[in-house]
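# Structural features, examined
So the chains spell out like this:
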Amino acid sequence: MPHSKKPRLLLSDSTRSASAPRRSLRIAGRPNASMDDLSDDLLALIFGCLGPVDIMRARCCKKWKEAAKNTMVPLTDFKVDSVRKYNAMAAMATALPNLQQITLGDLCAYSPDATNHKYVDGDDPDEEWAASTAGYTTHDIGVLSNFRNLRSLKIDTAEYDAYSESNAPLSGRYPFLFNFSLLMKLSIGPPDDADRGVNLFCPCSIRWDLEDLRGLRFLKELHCNGSRYLSGNIRSLRVLKDTLEKVVIMNCGSQFVFRSSSVEGNFMDLADFPLLKVLNLTESAVTGDIGQIGQNDFMAIETIELPSGVYGGTYYKFQRISDVPGVVHAIYRLMKRTPTIFRDFHLRNSQHQLLLWKLSADSSDFYRQNYQHRNGFIRPPFNVGFVRVGSRLGWCWYSGDLWSVRDGCLSCEINWLDPEPSSECSDYELYVKELQDVQKFMRFYRGFHLPPTEMEYNQLLDEPHI
């Protein structure tokens, strides 16, 4: 039985080209137009619907290559996490100069065969790093300068592998990193969404100052975590007052491991930023008084985290027991205005842990735990915490470890901030149940709304109810 399909004609390339019909497009006024008839601007618009890798693959002729150069590449992250990706970025610097988003990572992260590669060191690099990597193959980071329309630049320094160096081991000064006039997001350090297993404390050795940001007039988000050589005063950020929405400067300083920060200033210098939603200055040398936040300050703020150098900031140590109630009410006023202002406090397991205040060991009100007594395992209640029972908020002094405040800690009586809910409220039963659970921790310091004196503490140790 003969084959039903017609035999194919074997044509030469020139004959096939001449005989094949032209692929047509329907363009207004030109129903038989071909792909070659598309203008460079129209091709650039088409390419603008693709990611950077797809655009590079589509550059099949000179005309399309020229169109790619004019394409405003959409905000799609391109992460440089291998030598191959670096080479691709270097090619894009010429082929796709309008790339808008780049993340710099470890050149060897996903190249097990390509070890001992690094970005070229900047001016005045970290001496220890420069000596230990003297024999590495270097790659020019200056090619980034070609991306004049860069909107988002991330330098990811998180350790994703216990055997790897930091993800983007840049060291020294790189002034060109702060010359992208259209930049809207700058991130140096582990990203916000880093996996739980990531080692977040791998310091970055880029040397820079907050003054270097003065040319980034469109910057909306600044995220910096673990920059050991970052310095400057946060007042320098005032040139970005009308654009900044997020400022995270945490764990930064001359030697992060010793908590010695070179980032200073008063956080209230940012109080009139109209768009600022997120402010995190933990582990910095920034100072101020949280009680000075007025009704018209930080009007757009959603979350705020302040260092221990701020009066009432995270881990603050009070000099007097009598100072605490005033600061508590300042915090309460902020929480009533913006319920989300202190991150994670909406979670049920956050009892006591908000701000993690305590009485300073240098305070005249402080006394030592009585280890000589048979019940000396009970600590004085010199930690301050917020307590939420149902929907009712209060605060108390408590003893116990900061990492196990709900397990075995002993609490003074709760100083309530909210009124008791009505028995007709929908969550009243929950309130009663949780109040019973909380009161179990008050059995030792029952009747004390403030820490007892040293004499009272020793008398309590003698009580038979222990």
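Refer to the structure presented above.
Keep in mind that this is a model prediction, so the values were computed, not measured.

### A word on the overall build of the protein chain
Across its full length, the protein chain holds nine helices and 24 strands. Evaluated residue by residue, the protein chain yields a buried proportion of 48% over its 466 residues. Taking as baseline every contact in the protein chain between residues at least 6 positions apart, the subset at least 24 positions apart corresponds to 66%. As presented, the protein chain carries roughly 24600 Å² of accessible surface, and 50% of it is formed by carbon and sulfur atoms.

### Looking at a nonpolar patch on the surface
Residues Leu42, Leu45 and Ile46 make up a contiguous nonpolar surface patch of about 270 Å² in total accessible area. Inspection of the secondary structure puts Ile46 in helix 2 (residues 40–47).

### Some remarks on the sheet that holds strand 7 (residues 152–155)
Hydrogen bonds between backbone groups are what pair the strands of a sheet, and the pairing can be parallel or antiparallel. Overall, parallel pairing links the eight strands, which are arranged 3-4-7-9-12-14-16-18 in an open sheet. Of all the strands in the sheet, just strand 3 (78–80) and strand 18 (303–305) have a single pairing partner and so form its edges. The average angle at which neighbouring strand axes cross in this sheet is 10 degrees, direction not considered. The strands that helix 5 (residues 83–95) touches are strand 3 and strand 4 (101–104); relative to strand 3, the one it contacts most, it runs at about 125 degrees.

### Thoughts on the pattern of salt bridges
Applying the stated criterion across every chain yields a total of twelve salt bridges. The residue Arg207 makes a salt bridge to Asp124 at a minimum N-O spacing of 3.4 Å. A residue pair is termed long-range when its members are at least 10 positions apart, and Arg207 in the loop between strand 10 (205–206) and strand 11 (208–209) and Asp124 in the loop between strand 5 (117–119) and helix 6 (127–132) qualify at 83 residues. In this structure, the salt-bridge partner of Arg235 is Asp269, at a minimum N-O distance of 3.1 Å. Here Arg235, found in the loop between strand 13 (230–233) and strand 14 (246–250), pairs with Asp269, found in the loop between strand 15 (263–264) and strand 16 (278–280); they are 34 residues apart in sequence, far enough to count as distant. Judged by relative accessible area, which is 47%, Arg235 ranks as partly exposed. Through salt bridges that share partners, Arg238, Lys241 and Asp272 make up one connected network.

### Topic: the pairing of strand 9 (residues 185–188)
Pairing analysis gives four bridges linking strand 7 to strand 9, with the strands arranged parallel. Across the sheet, residue Lys154 finds its bridge partner in strand 9, namely Ser187. Summarising the sheet, strand 9 and strand 12 (residues 221–225) pair through four bridges and their orientation is parallel. Bridge pairing in strand 12 links Leu186 to Leu222.

### Some words on helix 8 (residues 428–439)
Here helix 8 contains twelve residues, and its C-alpha end-to-end distance of 16 Å stays within 8% of the 16 Å for a straight helix at 1.5 Å per residue. Burial in helix 8 covers these residues: Tyr431, Glu434, Leu435 and Val438. Summarising the axial view, the buried residues of helix 8 lie within an arc of 110 degrees, below the 170-degree limit, and thus occupy one face. Contact partners of the buried residues in helix 8: strand 22 (383–389), strand 23 (392–398) and strand 24 (415–416).

### Some words on helix 7 (residues 324–337)
With 14 residues, helix 7 extends 20 Å between its outermost C-alpha atoms, agreeing within 8% with the 20 Å of an ideal straight helix rising 1.5 Å per residue. Of the residues making up helix 7, those classed as buried are Val324, Val327, Val328, Ala330, Ile331, Tyr332, Leu334 and Met335.

### Observations concerning the packing of helix 2 against helix 4 (residues 62–69)
Between helix 2 and helix 4, the shortest axis-to-axis distance is 8 Å and the interhelical angle comes to 65 degrees. Considering the angle they form, helix 2 stands roughly perpendicular to helix 4. Once helix 2 is placed against helix 4, the crossing between them reads as right-handed. Facing Asp40, Leu43, Ala44 and Phe47 of helix 2, the residues of helix 4 in contact are Lys63, Trp64, Ala67 and Ala68. In the contact of helix 2 with helix 4, the residues fall into six nonpolar, no polar and two charged.

### What about the sheet that holds strand 11?
Strands sit in the order 11-13-15 across an open sheet of three strands; the sheet is parallel. Each edge of the open sheet carries a strand with a single partner, namely strand 11 and strand 15. Note: strand 13 against strand 15, two bridges, orientation parallel. The partner of Asn233 across the bridge, within strand 15, is Glu264.

Rules behind the numbers
- Residues numbered from 1 in each chain as written.
- Predicted model: local features only at pLDDT ≥ 70, side-chain atom pairs only at ≥ 80, totals over all residues.
- Heavy atoms only, no water.
- Helix = DSSP H or I, 4+ residues; strand = E, 2+ residues; numbered from the N terminus.
- Buried < 20%, exposed > 50% of the residue type's maximum accessible area, 1.4 Å probe, protein only.
- Contact = heavy atoms within 4.5 Å.
- Areas by Shrake-Rupley, 256 points an atom, 1.4 Å probe, with all protein chains shown as cover.
- Patch = residues over 30% accessible without salt bridge, like charges linked within 9 Å, V, L, I, M, F, W, Y side chains within 5 Å.
- Salt bridge = Lys/Arg side-chain N within 4 Å of Asp/Glu carboxyl O.
- Pairing = 2+ DSSP bridges.
- Axes fitted to C-alpha atoms, helices over the stretch in contact; angles between N-to-C directions.
- Expected span 1.5 Å × (residues − 1).
- Arc of directions from axis to C-beta.
- Parallel < 35°, antiparallel > 145°, perpendicular 65-115°, else oblique.
- Left-handed = near helix turned anticlockwise from the far one by under 90°.
- Nonpolar A, V, L, I, M, F, W, Y, C, P; charged D, E, K, R; others polar.

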